Amino acid sequence: MSKLDFTDPALLDALAAALTAAGVDGIEIEQSSRRLRLVVEGKSTRATMRLEAGPASAANIITALMAGIFDLETIPSELPRTVRAGDILACLRVGPVLVPVRASRACMVTRCLVDRQALVGFGDPLFDIEAHP
Amino acid sequence: MIEIVDTGPLNTIQDLGRPGYRDIGVTVSGAMDPLALTIANLLVGNDAGAAAVELQTFPVRIRFQQRTAFAVTGGGSAMLDGETLPPWWMQIAAAGQILEILPSKTSARAYVAFEGGVDVAPVMGSRSTSLRGAFGGNDGSALRKGDVLQLGSPASGVFPAGGFGVVPPLREMASLFPKAENGALLIRALPAGEHDLFGADAERFWAEDWKISAQSDRTGYRLSGNPIRLTEPVEMRSHGIVAGVVQVPPGGEPIVQMSDANTAGGYPKIAGIIEADLWRLGQARIGTRLRFVRASHAEARMLDQAIAAYIGDVEITARQVGRALKAMAGR
C-alpha cells in the first residue's frame with residue numbers, strides 16, 4: 001500500500017469533506033515520525049491541520065494519553081497542587097466514559113494548558129509540572 | 001474471594017431481583033438503585049444483573065484476597081488503600097488491598113460490583129438477599145464482619161490498569177431530572193386506582209412537600225406531611241402491589257413500596273412512581289423532602305428509553321475505551 005502524503009492539500013480537502021459528510025468532528029492519524037490532527041470547524045468544510053514532530057517531551061508536561069473531552073468536574077482541584085505519582089489530575093471524557101489523566105511522577109502541577117470541555121488529542125499537553133521540591 | 005473486614009448493619013448482596021413469584025407471596029427484592037448496580041456490573045465486564053454488594057450503612061471495609069477488578073457506583077465515597085477514588089469508578093485491586101467506603105452526603109446507597117460477580121447460590125433465579133424472608137444472598141443474612149464471599153469466574157474483560165469511570169447519570173442526563181427551586185426531590189408518578197377517591201386532598205398530594213420519615217427501609221418509605229384522606233371511607237379487598245406504588249393508610253401519610261415491597265395490600269393507591277424515578281428515590285436519605293409530579297405514560301416511556309440509551313452507551317464505550325487503552329499501553 002502506498003503511503004499517503006498528508007501535506008497534500010487535495011488529500012486534506014477530501015478528508016475534511018468525508019468527515020463533514022459523516023458528521024465527524026475530527027480525526028487523528030499517527031505515522032512513525034509525525035502526527036496529523038484534522039478538525040472540522042463548524043458547518044463548512046474548512047479544516048485546520050497540525051503536523052507535529054512526534055510526542056512532545058514529557059519532562060515538564062503531562063500529556064493526553066488518548067483523544068477526549070477535557071473534564072475537570074470529576075476531580076476538581078486548585079492549582080498549583082502537589083501530587084504523588086499516580087494521582088488523578090483530570091479526566092478525558094469519551095461519550096459517558098471517563099479516562100483518568102494521572103501524574104506520572106511526584107510533582108507540582110503549576111498550570112492547566114487547555115480549557116475545560118476542550119477536545120484534546122493524543123499527546124496534547126494538558127498540564128505544566130515542576131519537579132517536586 | 002473478598003473478605004468483609006468491617007460493615008454496618010443491613011448491607012446485603014443484591015442483583016436485579018426475583019420477579020415472577022409475587023403470586024406465591026415472594027417479594028422481588030433486588031437493588032434499591034438498579035441503575036447504579038447495572039453500571040457497576042458493566043464497568044467490570046459482568047452481565048448487568050450480576051450479584052453485587054449494596055451498602056446503606058457505613059463505614060465498610062473489604063479486603064481483596066486476589067487481584068480483582070471492582071467498581072463502586074451510587075452513593076458512597078471510596079478509597080483503595082487510602083487513595084480516594086472518583087465517584088462511579090472501576091479500579092483493579094491487588095491481593096491484600098483494602099477498599100473502604102464511607103457515606104456520601106447526597107446519596108443513601110453504594111454498590112460494589114466485582115469482576116465475575118458475587119457467587120452465592122441463586123434462589124428462585126436470583127442471588128438477592130431477602131432479609132424479611134431470611135433467604136437468598138448470604139444465606140438470607142446481612143453482611144457480617146468476617147464474611148468471606150466467593151466471586152464468580154470473570155468474563156474476558158479488558159481493564160485499563162489506571163481504572164476508569166463514567167459520568168454519573170444525574171450529570172449525564174441532568175436535563176431529564178429537573179430540581180425544585182426549594183431543593184425538594186421531584187419524583188414523577190402516575191395517578192393510581194383510588195386517586196380520585198381522595199377528592200381535593202389528591203391535589204394536595206401533588207402540591208405539597210413530603211418528608212421521608214425514619215420509619216423507612218427497603219420494604220417501604222413512610223412519608224410525613226399534612227395527612228390526606230379519602231372523601232368517604234371505602235371497603236377494599238387486598239390487591240397485588242409492586243415497588244413504586246404509593247398507598248395511603250387511614251392515618252393519611254403515604255407509604256411508598258420499595259424493592260422489598262409487600263406482594264399484596266389493602267390500602268388505597270393514590271399514585272405509582274415511574275420506574276425512571278424510582279432509583280432516585282432509592283438513593284434518597286431519611287429526612288429528604290420530596291414532591292410528587294404528575295407524569296404521563298409517554299413521559300415515562302421517554303425517560304425509560306433515555307436511561308436505556310445511557311446504559312447502552314456505557315456498555316459499548318467502556319469496552320471500546322478498554323481495548324484502546326490496552327492497545328496503547330502495548331505500544
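Residues numbered from 1 in each chain as written. Chains lettered and ligands numbered in written order. Predicted model: local features only at pLDDT ≥ 70, side-chain atom pairs only at ≥ 80, totals over all residues.

Draft legend 1. Structural context of unusual backbone geometry. Across the junction of Leu 79 of chain A and Pro 80 of chain A, the peptide omega takes the value 0°, indicating a cis bond. With respect to the secondary-structure elements, Pro 80 of chain A resides in the loop between strand 5 (68-71) and strand 6 (81-83). Here the residue pair Phe 58 of chain B and Pro 59 of chain B is connected by a cis peptide bond, since its omega of 0° sits within 30 degrees of zero. By the element assignment, Pro 59 of chain B lies in the loop between strand 3 (52-55) and strand 4 (60-64). (Helix = DSSP H or I, 4+ residues; strand = E, 2+ residues; numbered from the N terminus.)

Draft legend 2. Inspection of the confidence of the model for chain A at higher detail. Residue and element names in this part refer to chain A. Overall, the prediction assigns chain A a mean pLDDT of 78, with 69% of residues at 70 or greater. Predicted confidence is poor over residues 45-49, with pLDDT under 50, and the contacts of this stretch with residues over four places away or in other chains come to 15 contacts. Note on residues 53-57: pLDDT under 50 across the span, and 8 contacts to partners over four residues away in sequence or across chains. (pLDDT = per-residue confidence, 0-100. Contact = placed C-beta atoms within 7 Å.)

Draft legend 3. Expanded view of the sheet that holds strand 10 (residues 110-114) of chain B. Spatial ordering of the open sheet is given by 10(A)-5(A)-7(A)-8(A)-12(B)-8(B)-5(B)-10(B)-3(B)-2(B), a layout of 10 strands whose pairing is antiparallel. The open sheet has two edge strands with one neighbour each: strand 10 (119-120) of chain A together with strand 2 (12-14) of chain B. Sheet topology places strand 8 (residues 89-93) of chain B next to strand 12 (residues 164-166) of chain B; 2 bridges connect them, and they run antiparallel. Within the sheet, the bridge partner assigned to Met 90 of chain B lies in strand 12 of chain B and is Phe 164 of chain B. (Pairing = 2+ DSSP bridges.)

Draft legend 4. Structural context of the domain arrangement of chain A. Residue and element names in this part refer to chain A. Under the domain assignment used here, chain A contains domain 1 (9-52) and domain 2 (61-131). Counting residues at the interface gives 5 residues for domain 1 and 5 residues for domain 2. Broken down by secondary-structure element, the contributors of at least two residues to the side of domain 1 that touches domain 2 are strand 1 (26-30) and strand 2 (35-40). (Domains from an automatic or database assignment.)

Draft legend 5. Molecular detail of the interface of chain B and chain A. Facing the 17 residues of chain B at the interface are 14 residues of chain A. At the level of secondary structure, the elements contributing two or more residues to the side of chain B that touches chain A comprise strand 12 and helix 5 (297-329) of chain B. For the side of chain B that touches chain A, the class distribution of residues is 11 nonpolar, 4 polar and 2 charged. Judged from the 2 bridges that link them, strand 8 (residues 97-102) of chain A and strand 12 of chain B form a sheet pairing that is antiparallel. Note that in strand 12 of chain B the partner of Leu 98 of chain A across the bridge is Gly 165 of chain B. (Nonpolar A, V, L, I, M, F, W, Y, C, P; charged D, E, K, R; others polar.)

Draft legend 6. Expanded view of the pairing of strand 11 (residues 125-131) of chain A. Residues and elements named next belong to chain A. Relative to strand 11, strand 4 (residues 61-63) is paired through 3 bridges, and the arrangement is antiparallel. The residue of strand 11 that forms the bridge with Ile 61 is Asp 128. Bridge count for strand 9 (residues 107-112) against strand 11 is 5 bridges, and the pairing is antiparallel. Within strand 11, the residue paired with Cys 112 across the bridge is Phe 127.

Draft legend 7. Representation of the domain arrangement of chain B within the structure. All names here are of chain B. If you check the domain split of chain B, you get domain 1 (2-169) and domain 2 (177-295). For domain 1 and domain 2, the distance between their C-alpha centroids amounts to 28 Å. Taken residue by residue, the interface counts 19 residues in domain 1 and 14 residues in domain 2. Of the residues contributing to the side of domain 1 that touches domain 2, the split by class is 6 nonpolar, 9 polar and 4 charged.

Draft legend 8. Layout of the pairing of strand 10 of chain B. All names here are of chain B. Among the 5 residues in strand 10, 5 count as buried, and that is most of the element. Residues Ala 110, Val 112 and Phe 114 of strand 10 are buried on one face, and the alternating residues Tyr 111 and Ala 113, pointing to the opposite face, are buried as well. As paired strands, strand 5 (residues 68-74) and strand 10 are joined by 5 bridges and run antiparallel to one another. Bridging across to strand 10, Gly 74 finds its partner in Ala 110. (Buried ≥ 20, exposed ≤ 12 C-beta atoms within 10 Å, placed from the backbone.)

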